[in-house]
Amino acid sequence: MIRPTLQFLSPDTVDRVIEEAIELLQDPGVRVHSPQALSLLSDRGAQVDLEAKVAHMPAGLVQRAVETAPKSFYLYDFEGQPAVHYGGDDVQFDPGSTAIEFLDYGATTSRAPTTADFVRYVQLADSLPALDAVSTSLVCADVPQEMADLYRLFLVLLYARKPVVTGAFAVETWRVMKDLLVVMAGSEQALAEKPTAVFDVCPSPPLLWSEITCENLMDCARYRVPAELVSMPLTGATGPATLLGAIVQHAAESLSGIAIHQLVNPGAPIVWGGSPAAFDMRTGTPPMGAIETMMIDCAYAQIGKSLGLPTHAYLGMSDAKIVDAQCGFESGISATLGALAGINMISGPGMLDFESCFSLEKLVVDAEIVGMAKRLVAGIAERETPLALDVIRQVGHAGHFMATRHTRQWFRQELFIPSAVVDRDFRRNWEEKGSKDTAQRAHGRAEALIAAYQSKGLSAEVVAELEAITLRRAQAAGMDRLPPR
Amino acid sequence: MNYVGEQFAQGEMFLPDLVLAGEAMKAAVAVLEPEMARRGAERKMLGKVVLGTVAGDIHEIGKTLVGTMLASSGFQVYDLGVDVPIGTFVEKVRQVNADIVGLSALLTTTMARQRDVIEALDEAGLRPKVKVMVGGAPVTGSWADEIGADGYSEDAIGAVAVAKRLMGI
């Protein structure tokens, strides 16, 4: 069986991208705003300009880092089972991350998300079978910003069984988030052995590691909690206008991250990810639904694979403002291309409006897209030898295939069977069921899944410990008690 | 510059055209201003704008686009760059006797610094003299109202209209 795959770059072009990226890390080098990282880089042979906070990394240092970075690893669910495999061509999906807006069903105006929205979101994301992990998808506006990052993780830990894709907004809060994960795992060692979370760390284009992201990156390495690099050049704005130019810059930023990370702790897990975009030259926006955005993502994943690294991308999103036709076609094309590119973790379902607004209805629609995309890359299997000679002869000219053993044996494995969100009804039945459009059907499924959500049965002690850690940060930020759930 | 602006508004020209026209205009003004001064003429400016991305935030492009648009529309722009400390905004506003200060923030975590700058301007007694504009991806009109800013725009083109309104033009 051939696994359908998508490649944009010839082997020669892949080599040239990596060569130019390594050359860029020497000249002009990378800006690193963490004194600790600069001193580490200096100790290991980088030429460091402390005044300008620039590190010029020798090729050998970068190449060694790529060699020590693991080629694959697992994320575990909160019941201790391996749930997500980063490595090879495995394709998995999680919801988009860090929306600062939330779109209610039927609304055209978005609003700031709250704790209640987050709880409903995580119950839904945990319940949708197509999604392999959850994310800290909403930034709750009913808690102080100083703790908004860790509060999202706190809510995930209370409700989700699936592993989580997350990230910190500050240096100190990363450590608090690690503490929350340790409560669930039992110890730092247990967390390192069976990681349940991956942390996004985002360099700032062009070629800059801010202090927060650099410290987060180094903390991930120290505690062996997986890090996911999210380099995001915008073509013609914060990166070159050519798609290949953006891919070179993405490679340089990602390689610099791997170098810093592996210097801190060789062998710690790290992912070649990103969220670049084809900058819109009319509006100045970073469209996630642009075809060129998707092409850059697939191509940088090809670079990461050529280095033997696990991959990630922000795909499956739309820039539409509501769950409409644009929302569907952008998300559908994007998730499909990402799956064909064999990207290990694709983050995006549920996300609208340039990665800023979350919709539960979109999440439900996207779960169907994910189901189809996964089916697509599973390919066309040779189930039997001969391929069909026997069954066609058996049925002959007269009958139909419905009653054959062959049909019963194979149809469930051959077909992705969608939920009722995907309309395949006869028109009259569709009309009798209320002539519902996609968003209406998705709303129905979202409400049904949330209503059916079963508590994960955490012990009272674990809940109390998680609450105590979170409440301490709330109180330090001036909030006496956590919002009701 | 006006022509490029019109073409941009019609969707015939694009941001790189606009930015390049702004750069050309800046270069031309640098040559023309001394000559005008020599002849005793003065370039009529719409107002003075102090601009920067707030402390803790290193995001540049939105702020720079706003600066380009304002400068090419006839404002005198003092661009303080990124990660600008609160005190630097206050100092510059006082020093140049600014009409408007523009505060950019891309992150939800740094948005709160916009409020801090407004409070610092208030404490320095400058608030009655200077109008405050805020912008950045997470910034909304209701946030601008909440922190007591005078103007907010979603994009760089809109920022010019807001600045003109604040100047009573």
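To be clear, the structure that these remarks concern was listed above.
What comes next concerns the included structure.

## Some remarks on the overall build of chain A
When you go through chain A residue by residue, the secondary structure sums to 17 helices and 17 strands. In terms of overall size, chain A behaves like a compact globule, its C-alpha atoms giving a radius of gyration of 23 Å where 485 residues would be expected to give roughly 23 Å. Considering only C-alpha atoms, chain A reaches an extent of 85 × 60 × 50 Å along its principal axes. Restricting the contact set of chain A to residue pairs at least 6 apart, pairs at least 24 apart contribute 74%. Roughly 20000 Å² of accessible area belongs to chain A as shown, and the carbon and sulfur atoms make up 54% of that amount.

## So, the side chain of T108(B)
Along the chain, the position of T108(B) falls in the loop between β3 (100-104) and α5 (112-123). At a separation of 3.5 Å, a polar atom in the side chain of T108(B) contacts the side chain of Q145(A). With sequence-adjacent residues up to four places away left out, T108(B) is seen in contact with I100(A), Q145(A), F169(A) and P138(B).

## Looking at the nonpolar core
With 154 residues, the main nonpolar core has Y121(A) and I260(A) as its most contacted residues. Discounting residues that sit within four places of it in the chain, I260(A) has contacts with V32(A), A37(A), L40(A), L41(A), M57(A), W209(A), C214(A), L217(A) and M218(A). Counting 25 residues, the second largest nonpolar core, distinct from the first, contains V93(B), V101(B), L103(B) and V139(B).

## Considering the pattern of salt bridges
Here the structure, examined in full by the defined rule, presents 26 salt bridges over all chains. Of the charged contacts, one joins E467(A) and R485(A) as a salt bridge, the two residues approaching to 2.7 Å between their closest N and O atoms. Note that E467(A) is positioned in helix α17 (residues 460-476) and R485(A) in the segment after α17, a separation of 18 residues in sequence. Its relative accessible area of 29% is what places E467(A) among the partly exposed residues. Here E35(B) and R38(B) are joined by a salt bridge, their closest N and O atoms 2.8 Å apart. Placement of both E35(B) and R38(B) in helix α2 (residues 15-38) is noted, with a separation of 3 residues, approximately one turn of the helix. Accessibility expressed as a relative area gives 28% for E35(B), which makes it partly exposed. Classification of R38(B) as exposed rests on a relative accessible area of 63%. The network of salt bridges with common partners includes E79(A), D126(A) and R161(A).

## Comments concerning the interface of chain A and chain B
Listed per partner, the contact involves 14 residues of chain A and 12 residues of chain B. Buried surface at the junction of chain A and chain B, summed over both partners, amounts to about 1100 Å²; 73% is from carbon and sulfur atoms. The largest share of the area that chain A buries against chain B comes from I100(A), M281(A) and R282(A), three residues that together contribute 46% of it. Summed over the shared surface of chain A and chain B, the result is 0 salt bridges. Counting the contacts that link chain A with chain B gives 3 residue pairs in polar contact (both at pLDDT 80 or more). For the side of chain A that touches chain B, the class distribution of residues is 6 nonpolar, 5 polar and 3 charged.

## Concerning the side chain of T404(A)
Mapped onto the elements of the fold, T404(A) is located in the loop between α13 (389-395) and α14 (405-414). Ignoring sequence-local partners within four residues, the contact set of T404(A) consists of Q394(A) and V395(A).

## Considerations on the sheet that holds strand β15 (residues 345-347) of chain A
Sheet strands line up and pair through hydrogen bonds in the backbone, either parallel or antiparallel. Residue and element names in this part refer to chain A. Taking strand neighbours across the sheet as the criterion, the 3 strands line up as β6-β15-β14 in an open arrangement whose pairing is parallel. Single-partner strands in this sheet number two, and they are β6 (92-94) and β14 (312-314). Pairwise comparison of adjacent strand axes, ignoring direction, gives a mean angle of 20° for this sheet. As paired strands, β14 and β15 are joined by 3 bridges and run parallel to one another.

## Describing the pairing of strand β2 (residues 75-79) of chain B
Residue and element names in this part refer to chain B. Note that strand β1 (residues 47-53) and β2 share 5 bridges and pair parallel. Paired with L51 across the strands is D79, a residue of β2. Taken together, β1, helix α3 (residues 61-72) and β2 constitute a β-α-β crossover, and its handedness is right-handed.

## Things to note about the pairing of strand β5 (residues 82-86) of chain A
Residue and element names in this part refer to chain A. Here strand β4 (residues 73-76) pairs with β5 via 4 bridges, running antiparallel. Following the sheet pairing, Y76 is matched in β5 by P82. Taking the residues that link successive antiparallel strands as the turn, the β4-β5 hairpin has 5 residues, and the phi of G80 there is positive, at about 90°.

Cut-off values and rules
Residues numbered from 1 in each chain as written. Chains lettered and ligands numbered in written order. Predicted model: local features only at pLDDT ≥ 70, side-chain atom pairs only at ≥ 80, totals over all residues. Heavy atoms only, no water. Helix = DSSP H or I, 4+ residues; strand = E, 2+ residues; numbered from the N terminus. Rg over C-alpha atoms; globule rule 2.2 N^0.38 Å. Contact = heavy atoms within 4.5 Å. Areas by Shrake-Rupley, 256 points an atom, 1.4 Å probe, with all protein chains shown as cover. Polar contact = N/O pair within 3.5 Å; in protein donor to acceptor, adjacent residues only side chain to side chain. Core = buried A, V, L, I, M, F, W, Y, C linked by side-chain atoms within 4.5 Å. Buried < 20%, exposed > 50% of the residue type's maximum accessible area, 1.4 Å probe, protein only. Salt bridge = Lys/Arg side-chain N within 4 Å of Asp/Glu carboxyl O. Buried area = accessible area lost by both parts, 1.4 Å probe. Nonpolar A, V, L, I, M, F, W, Y, C, P; charged D, E, K, R; others polar. Pairing = 2+ DSSP bridges. Axes fitted to C-alpha atoms, helices over the stretch in contact; angles between N-to-C directions. Right-handed = clockwise from strand over helix to strand, strands pointing away.

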